[in-house]
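# Coordinates in review
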Amino acid sequence: MESIQADLITVLPELTVLSMAMFILLADLFLKPSNRVLVYVLAQMTLFVAAYFTISTHVPTVGYAFTGMFVDDPLADVLKLMIVLGTAMMFVYTRQYMQLRGMFRGEYYALVLFSVLGMMVMVSGQSMLTIYMGLELLSLCLYSLVALDRDNAKSSEAAMKYFVLGALASGMLLYGMSMIYGMTGSLNIAEIGNVLQESNTKNPVLILGLVFIVAGLAFKFGAVPFQMWVPDVYQGAPTSITMLIGSVPKLAAFAIAIRLLAQGLYPLTADWQDMLLMMAVLSIAIGNLTAIAQTNLKRMLAYSTISHVGFLLFGLMSGSLNGYASSMFYISAYVLMTLAGFGMILMLSRKGFEAENLDDLKGLNQRSPWAAFLMLITMFSMAGVPPTIGFYAKFTVLQAALQAGFLWAVVFAVLMAAVGAFYYLRIVKLMYFDAPQENAMISAPADMKLVLSVNAIALLALGLMPQTLMQICGVAIGASLQ
Amino acid sequence: MIFTDIIFYTLATILLFAAIRVITTRNPVVAALHLVLAFFTAAGIWLLLEAEFLAIALVLVYVGAVMVLFLFVVMMLDINLDKLREGFWDYLPMAGIIGLLMAVEMVMVLGGKFFISAKMPPKPADYSNTAELGRVLYSDYLLPFELASVVLLVAIVAAIVLTLRDRKESKSMNAADQVLVKKADRLRIISMPSEQMPAEPISTRSAEQTNELVNKHVNKETK
């Protein structure tokens, strides 16, 4: 009896999100359409309470719950906090967009909260079973959210593609897990590591299982050669959902990559390093080169995501604590940048108009100098121009890869980053040196303007003072992976 | 031992036959029925392995619920299988080569030497794997079990979100919406120049011509 109480206290943030998601589903039935905004307030409160519980139950040591299925370590706490705060920002950005398009319903908030629950479970998964359940919970919510705009043929097509390919990827991940289970006799991450370390033999079945696991992870990240779904889903989904898909789930994907590869299969590091190297180099090349040809902003950001994932993999494949910490820094920077980028698209959109083409940004400086300035910081950060956070993130990741001895890959990545700067700077050129195509007023609620400003300024401020965030990442990784 | 061998091979043959029929038959209803047969024989094989609970669950869940629903769907949809099979022969060589390669690779990796386990000691006769499953499900695997229930809840919510909509032919009225209607919602006033008279005045035609035209028109209509 006592142990279940301790377990329940450990999962307090998850319990909050779960019970509130169900409460919102029910409460929505009894609300008049004019009071619907209450659902939004409830959802935001849920996230802040979950954040509070995450902080209040934080201990700098590793703790387990539910017979070792669930782990509560600093890495999980930090990532959960980021996920919750990122989702809260997303809710602020998307409120008006959803209201104007008739998608401002209780189910939207309930599904997003369920997906947050899935991400939190993934982040804390200490057993392959828990990780898989969290992943399915997240994916199922995302599939249905993409199709939320039911009468839009493009959204439905994107949802269908995402669903079919996602199911395939889940299958691959599960198949890989089953082989690892067959070889080690355990589902527990730590135990798998121990068994592999002791037996110290490499047999082809393990490698085959590893290949399937890496392929499944790569799909969830959107790394080449498993990137086909990314552009279509980014473009087809409603922008608010694209923002969700592009941002916080990457934190959860990063977490399960750390759990499976760095904690569970670390005796096979040399093998997965090679696989990640291939994917990293290809992702950076294809992502950056294809993005140049895009005229749709959402599609361009999709290819930009692919290249960012490539950089993230550089940190992971260096196989050192330093590398993991720099990867974690990169993914947090990426989430902030993505939120700001899509936040700007949402701000420029209005009823019946989607600001999703590059031309829609033309002359933004004349329409709203402040918005143009925020977008400028975001684009500079994505391109990796100092002194923004994007520069520091790329720098640390490549430094870690260099220390691990991947000299040529790093040189190639730097070249490709220079190529990538072209399409980010093209947006800056469109905003500042071209005449505007339209002069509609930019109308956004005050809270959205405020949060978006803080978000973009944070990209600059964290770039100037990256030490705190870097230290948090370093400590979290160091304390969780002994 | 020989008795269980006979049962196993009989069941396995039926299973393989049913599985092949599922993908080769032209009639979707027949295919679904063969899938039911495949599940049933698979359940029999599981019984041989002393996994009673799984065997019963397979019959109850898959045969009893899933496949019956599936049959309904197949019977209600008008699927043209010939259209689905279009291009089958064009893709066959490529698909065959890839499939064969994958099969060979899998056999090379998984073949024989890694998956030989020591023979499990036989369980006593009163051993119940249902009770055993229940015990671990609600103790060791409590968290994944509860998470599975959340996944199912999300599946229900998602399905309703995506399909529930007001019926188009529904004649029910929303009084609040009706009161809120403005003139502009219903009536559109457009300004346009007045219509010109036809260039050729009708009076130039003779009375007979006009009569003829009218008759022609009337005839056409009556036809």
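Look a little higher up for the structure.
Let us look at the structure shown here. This structure is a prediction, so every number in the text was calculated from the model and none was measured.

## As for the nonpolar core
Leu113, Leu117, Leu137 and Val146 of chain A are the most contacted members of the largest nonpolar core, which totals 200 residues. With 19 residues, the top contributor of residues to this core is helix H15 (residues 321-348) of chain A. Once residues lying within four places of it in the same chain are set aside, the contact partners of valine 146 of chain A are Ser155, Ala158, Ala159, Tyr162, Val233, Ala237 and Ile241 of chain A. If you look at the next biggest cluster of nonpolar residues, it comprises seven residues, including Ala38, Phe39, Ala42 and Ala43 of chain B.

## A short note on the interface of chain A and chain B
Counting residues at the interface gives 28 residues for chain A, matched by 18 residues for chain B. Mapped onto the side of chain A that touches chain B, the elements with two or more residues apiece are helix H2 (12-29), helix H5 (106-123), helix H6 (128-146) and helix H9 (204-221) of chain A. For the side of chain A that touches chain B, the leading source of residues is H6 of chain A, giving eight residues. Residue composition of the side of chain A that touches chain B, by class: 20 nonpolar, five polar and three charged.

## A closer look at unusual backbone geometry
One can expect most non-glycine residues to show negative phi and most peptide bonds to be in trans. The peptide bond linking valine 224 of chain A to proline 225 of chain A adopts the cis configuration, its omega dihedral lying at 5°. Looking along the chain, the bond that leaves proline 386 of chain A and enters proline 387 of chain A is cis, with omega of 10°. Residue position: proline 387 of chain A is located in the loop between helix H17 (369-383) and helix H18 (389-403). The backbone of phenylalanine 66 of chain A sits at a positive phi, close to 55°, despite the residue not being glycine. Within the fold, phenylalanine 66 of chain A resides in the loop between strand E1 (63-65) and strand E2 (70-72). With phi around 65°, glutamate 50 of chain B is a residue other than glycine that occupies positive phi space. Here glutamate 50 of chain B shows up in the loop between helix H2 (28-48) and helix H3 (52-76).

The rules behind the values
Residues numbered from 1 in each chain as written. Chains lettered and ligands numbered in written order. Predicted model: local features only at pLDDT ≥ 70, side-chain atom pairs only at ≥ 80, totals over all residues. Core = buried A, V, L, I, M, F, W, Y, C linked by C-beta atoms within 7 Å. Buried ≥ 20, exposed ≤ 12 C-beta atoms within 10 Å, placed from the backbone. Helix = DSSP H or I, 4+ residues; strand = E, 2+ residues; numbered from the N terminus. Contact = placed C-beta atoms within 7 Å. Nonpolar A, V, L, I, M, F, W, Y, C, P; charged D, E, K, R; others polar.

The quantities given are spatial measurements derived from coordinates; they are silent on function.
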